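Chain residues, written in single-letter form:
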Amino acid sequence: MSSKKLLIGEKMNDLKNSIKLHPFLFAIFPIVFFFSLNSQEIQFLDALILITIFSVLTLGITLFFSYFVKNKESVGIVISIGFILFFTYGHVFNLITNTMEIGQSILLGIFITIFVVSIFILTKTKKKLNNISKIANVIGITLIIISASNLLLDNFQGNYSLDLVQISPKQSDIIDVQNTIYPDVYYIVLDAYSGQEMLMDELGFDNKEFLTFLDTNNFHVIKNSQSNYAQTYFSLPSVLNMKHLECDESFDGCINRGTTFEMIQNNDVMDRFKKEGYVIINTYSGWKPTSDFELANQNLCSKYYTNFINTELTTAIFSNSILNPAYVFLFEDDKREQIQCIFSQIKKVSVSYEQPIFVFSHIHVPHYPYVFDENGEPTSPERLEMGWEGEEDDKEGYLGQLKFANKMMNEVITEIKRDSKISPIIIIQGDHGYKAKIDDASNPTDQELRVRFSNLNAYHIPGKDFSGFEDTTPVNTFRIIFNELFNDNLKMEENSSYWFHEKSPAYFDDITSILKK
Ligand SMILES: [Zn+2]
């Protein structure tokens, strides 16, 4: 009896001995590193989910191999090498393809060979490998400490991580609205939707079919429209708070994304609608600041919110890993379904409510990645990261997705108008234009600026006369609507546009005169 117990005890001891620290460190380092660089746009929970998954995976692999391999030190080292190869593959591939043509299969072959050879050497060796393990531990710990210190330093310098930004939605008192009947209001942001002038000039596409559709549906489309900013994280806080952003202390030296996040989440527009008795509806955008609002009564398509696959973090980690050739294939369906969910939900949400609704819908079309062709059929982009836009230089892809957006909006507008008891207000707006590549962001050419700022800006406001508002820009969107709806007396803001320089000191450069040339 005791010999059996002894044997089990020995096995357990063996397993315990084979669990080394460094494989865990190398498994989670890429996640910690990416999070430390992007904590202003990613929530810690997303990182924690991935860290947990990779830790459990490491444990599983360790126990599995320890069962077959005598030299326990070698198991840990092989796993660490495996993770290093796994996570660096995409980086190496991108680096190499910058200078030479090499197929995925050749590079994959090389990586797999390195791995197999290292397994062979390490499991056969009679040498003690303790020193290698110790060195690997020190390297792993150092890498993680450096990332963590950068994260802390960032926060000390005022660039707060998303999780540390305080969001306490205003407690609105609902004004007595018994006697007033308001229309539903839809504010639909089609990310990076260009204005007609730049679609023609830069992309050689005449959008007249959709513009005619808008016209026959009583939309007023601003001619030569320009956005106030060229980046989503400046455009949206500006529109939703009806003011320009300022580069002063109140705006933390311009560059603090935590501030723009807070301004979006805690915005004046939703607050005002709420006060007037509106039900606030948001749709899951896939971009943290507009994914879900505490101010909203309902966040549509929120099932995608808890899906760790569909986060920028997961996509970035896997796109740079050995799954690079396959990650688009693995994740693209999810991206597509999420966008389709929004279009199908905004069509029919109004019938669920007796009260007037304000729908805010930030949709990542025609913005990169291009996952739909013009008929809504699936297309596979080269990469899935939103930040890849402009680098891909894929005008066809952009136009395909823009035509798909037209098709969807055609259905959405038709159904909303058909099902609304009171003629609704509908705004369709690009937060900026097509993000063509800009060679030198600190010194963009006039044409590069015109392309970036040219946006679609279309208003369906029954009874509104747009004379005197020919030059209006998104910053005034809700000033116009509130004046119209609630008889507010809001003055219009300057219809000016600003290019943001990230160079130190950061500032907003007034480029209105360049755009008007
Ligand atoms: Zn955008």
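To be clear, the structure that these remarks concern was listed above.
Please read all numbers here as calculations on a predicted model, not as lab measurements.

What counts, and at which threshold
- Residues numbered from 1 in each chain as written.
- Predicted model: local features only at pLDDT ≥ 70, side-chain atom pairs only at ≥ 80, totals over all residues.
- Core = buried A, V, L, I, M, F, W, Y, C linked by C-beta atoms within 7 Å.
- Buried ≥ 20, exposed ≤ 12 C-beta atoms within 10 Å, placed from the backbone.
- Domains from an automatic or database assignment.
- Contact = placed C-beta atoms within 7 Å.
- Helix = DSSP H or I, 4+ residues; strand = E, 2+ residues; numbered from the N terminus.
- Pairing = 2+ DSSP bridges.
- Axes fitted to C-alpha atoms, helices over the stretch in contact; angles between N-to-C directions.
- Parallel < 35°, antiparallel > 145°, perpendicular 65-115°, else oblique.
- Left-handed = near helix turned anticlockwise from the far one by under 90°.
- Nonpolar A, V, L, I, M, F, W, Y, C, P; charged D, E, K, R; others polar.

Caption draft 1: Spatial organisation of the nonpolar core. Ranked by size, the top nonpolar core spans 115 residues in total, and within it Ile31, Tyr186, Leu190, Phe358 and Val359 carry the most contacts. Counting contributing residues, this core receives three or more from each of domain 1 (2-156) and domain 2 (189-516). Once residues within four sequence positions are removed from consideration, valine 359 is found in contact with Tyr186, Tyr187, Ile281, Ile346 and Val349.

Caption draft 2: Region of the structure containing helix α16 (residues 446-453). Residues Leu449, Arg450, Val451, Arg452 and Phe453 constitute the buried set of α16. Residues of α16 that are buried in the fold lie against α7 (196-203), β8 (498-501) and α18 (512-516).

Caption draft 3: Quick peek at the sheet that holds strand β1 (residues 185-190). A sheet is described by the order of its strands in space; here seven strands give the open sequence β2-β7-β6-β1-β5-β3-β4, paired in mixed fashion. Each edge of the open sheet carries a strand with a single partner, namely β2 (220-221) and β4 (298-300). Examined bridge by bridge, strand β3 (residues 279-283) and strand β5 (residues 357-363) share four bridges and lie parallel to one another. Within β5, the residue paired with asparagine 282 across the bridge is phenylalanine 360. Running over the sheet, helix α14 (residues 324-348) touches β1, β3, β4 and β5 and is turned about 160 degrees from β5.

Caption draft 4: Here's a closer look at the packing of helix α4 (residues 72-99) against helix α6 (residues 130-156). At a minimum axis separation of 9 Å, α4 and α6 run at an interaxial angle of 40 degrees. Viewed along their axes, α4 and α6 adopt a mutual orientation that is oblique. The hand of the α4/α6 crossing is left-handed. The segment α4 lies against α6, with Glu73, Gly76, Ile77 and Ser80 engaging Asn130, Ile132, Ser133 and Ala136. Of the residues in the contact of α4 with α6, the class split is three nonpolar, four polar and one charged.

Caption draft 5: Just the packing of helix α3 (residues 44-68) against helix α13 (residues 312-319), in detail. Contact geometry for α3 and α13: axes closest at 9 Å, N-to-C directions at 45 degrees. Put simply, α3 runs oblique to α13. For the pair formed by α3 and α13, the contact residues are Asp46, Ala47 and Leu50 on the first element and Leu313, Thr314 and Ile317 on the second. Here the residues of the contact of α3 with α13 sort into four nonpolar, one polar and one charged.

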